[in-house]
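Structural description and commentary
Here's the letter readout for the chains.
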Amino acid sequence: MDKLFRSYRPLIAIPVAITVIALLIVVFNGLNESVDLRGGSLADLTLEKSISNAELESILKEKLGLDDVKVISAAGNRVTVQFGTGVDVMKVTDALDGVAKINSYRSVGPLLSKQALNQIYWAIGFAFLFMSITVFIIFRDPIPSVAVILAAVSDIIIALGGMSVFGIPLSLASIGAILMLIGYSVDTDILLTTRLLKQRKGEINRRAFGAMKTGLTMSITAIASMTALYLVTLFIIPEARVLSNIAAVLIIGLAGDILTTWLMNLGILKWYLEAKA
């Protein structure tokens, strides 16, 4: 571990590279917005015969004359289909005759989706504003404060990149998970920064190692609990799709936080403390 701490500077490049790659994925691959944000309809179906997701999408596109039809989840004979705006439930019922029956049907208009998106922007903006103010008040030093904020930003970008890769929809639920991720990220980063800057007992590497043991225990415990939640909702309660999306976002983000905190943030702080010495 001492060898790892001594050669910390090249390790800073690892989370930076992952963050850049995640950002490029989001830019070029995009994010799948849920109906909560872009408007549209969701239909929860029970299949009446064995049919693949691609075949179901093909049938609905042909009978409804739409291109914007997508199966977003399937478990056994239960399927959730997402439609674009302006789809009448009676037309969907007729198109599914002999194929599936509708258990529930929900529509979100463009006005509601625009309001939801504005609320998300405000929530994330205020979260970062108050987080930045709090961190600066605690440490009263711009470099450690910027390092904490930079790590939180990297965690969010990595989480968004994972959402893009794995097709996790950007929804009010996943945005809630991202806001939770900000809290997790700041928690571990403040733990590290406090141990290094405010504790005077022991060498820097010893203090960093103590913080790492505590922080990794916290992160691994959170990842394990979210993994358990994801597996339960995936295999036992497949209709709880919101919970599985929240768990998946947190798993990706917490895994990224391990890298950004203990490679990037730790590297920046050691560099800063050594320069001050």
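In what follows, the structure referred to is the one given above.
Residues numbered from 1 in each chain as written. Predicted model: local features only at pLDDT ≥ 70, side-chain atom pairs only at ≥ 80, totals over all residues. Heavy atoms only, no water.

**Focus on the overall build of the chain**
A tally of regular secondary structure across the chain gives 10 helices and four strands. Ordered by position from the N terminus, the helices and strands of the chain form the series α-α-α-β-α-β-β-α-β-α-α-α-α-α. Burial status across the chain gives 45% buried among its 277 residues. Of the contacts formed within the chain by residues at least 6 apart in sequence, a portion of 77% connects residues at least 24 apart. Surface accessibility of the chain: about 14,100 Å² in total, with carbon and sulfur atoms responsible for 65%. (Helix = DSSP H or I, 4+ residues; strand = E, 2+ residues; numbered from the N terminus. Buried < 20%, exposed > 50% of the residue type's maximum accessible area, 1.4 Å probe, protein only. Contact = heavy atoms within 4.5 Å. Areas by Shrake-Rupley, 256 points an atom, 1.4 Å probe, with all protein chains shown as cover.)

**So, a positive patch on the surface**
Where like charges cluster on the molecular surface, the positive patch consists of Arg140, Lys198, Arg200 and Lys276. Structurally, Arg140 can be placed in the loop between α6 (110–139) and α7 (142–166). Given a relative accessible area of 65%, Arg140 falls into the exposed group. (Patch = residues over 30% accessible without salt bridge, like charges linked within 9 Å, V, L, I, M, F, W, Y side chains within 5 Å. Salt bridge = Lys/Arg side-chain N within 4 Å of Asp/Glu carboxyl O. Lys, Arg positive; Asp, Glu negative; His and termini not counted. Charge placed at Lys NZ, Arg CZ, Asp CG, Glu CD.)

**Considerations on a nonpolar patch on the surface**
Taken together, the side chains of Val16, Val20, Leu23, Leu24, Val27 and Phe28 present a nonpolar region at the surface, about 580 Å² in accessible area. Here Val20 is to be found in helix α2 (residues 13–29). With relative accessibility at 45%, the residue Val20 sits in the partly exposed group.

**Considerations on the pattern of salt bridges**
All chains considered together, the criterion is met by one salt bridge. Note that Arg78 is salt-bridged to Asp44, the shortest N-O span being 2.6 Å. Placement of Arg78 in strand β3 (residues 78–83) and of Asp44 in strand β1 (residues 40–47) is noted, with a sequence separation of 34 residues between them. Under the relative-accessibility criterion, Asp44 is labelled buried at 15%.

**Quick word on helix α4 (residues 53–64)**
For α4, which comprises 12 residues, the first-to-last C-alpha distance of 16 Å matches the rise-based estimate of 16 Å (1.5 Å per residue) to within 8%. Those residues of α4 lying buried are Leu56, Glu57, Leu60 and Leu64. Taken down its axis, α4 places every buried residue within 100 degrees of arc, on the same side. Exposed residues on α4 whose side chains face more than 90 degrees from its buried face are Ala54 and Glu62. Summarising the contacts, the buried residues of α4 are in contact with β1, β2 (69–75), β3 and α5 (89–95). (Expected span 1.5 Å × (residues − 1). Arc of directions from axis to C-beta.)

**Some points on the layout of surface pockets**
A volume near 690 Å³ is recorded for the largest pocket. Lining the largest pocket are 28 residues, with Ile72, Ser73, Pro238, Arg241 and Ser244 positioned closest to its centre. Elements that contribute at least two residues to the lining of the largest pocket include exactly β1, β2, β3, β4 (100–108), α9 (204–235) and α10 (241–276). Classifying every residue of the lining of the largest pocket gives 14 nonpolar, eight polar and six charged. (1 Å grid on protein atoms, 1.4 Å probe; cavity = no way out; pocket = protein on both sides within 12 Å on 5 of 7 lines; lining within 4 Å. Points joined across faces, edges and corners; volume = space filled by probe spheres on them. Nonpolar A, V, L, I, M, F, W, Y, C, P; charged D, E, K, R; others polar.)

**Overview of the pairing of β1**
Taking burial as the measure, the eight residues of β1 include eight buried ones, the bulk of the element. Along β1, one buried face is formed by Gly40, Leu42, Asp44 and Thr46 and the opposite face, lined by Ser41, Ala43, Leu45 and Leu47, is buried too. One ladder, built from eight bridges, connects β1 with β4; its direction is antiparallel. Along β4, the bridge assignment pairs Leu45 with Ile102. Here β1 runs beside β3; their pairing, made up of six bridges, is antiparallel. Bridge pairing in β3 places Asp44 opposite Thr80. (Pairing = 2+ DSSP bridges.)

**Quick look at the sheet that holds β3**
Strand order in the open sheet formed by four strands is β2-β3-β1-β4, with antiparallel pairing between adjacent strands. Two strands close off the open sheet at either side, each with one partner strand: β2 and β4. Averaged over all neighbouring strand pairs, the angle between strand axes comes to 20 degrees, with direction disregarded. On the sheet, α4 packs against β1, β2 and β3 and is oriented at approximately 145 degrees with respect to β2. (Axes fitted to C-alpha atoms, helices over the stretch in contact; angles between N-to-C directions.)

Interpretation note: all reported values are geometric properties and have no functional meaning in isolation.
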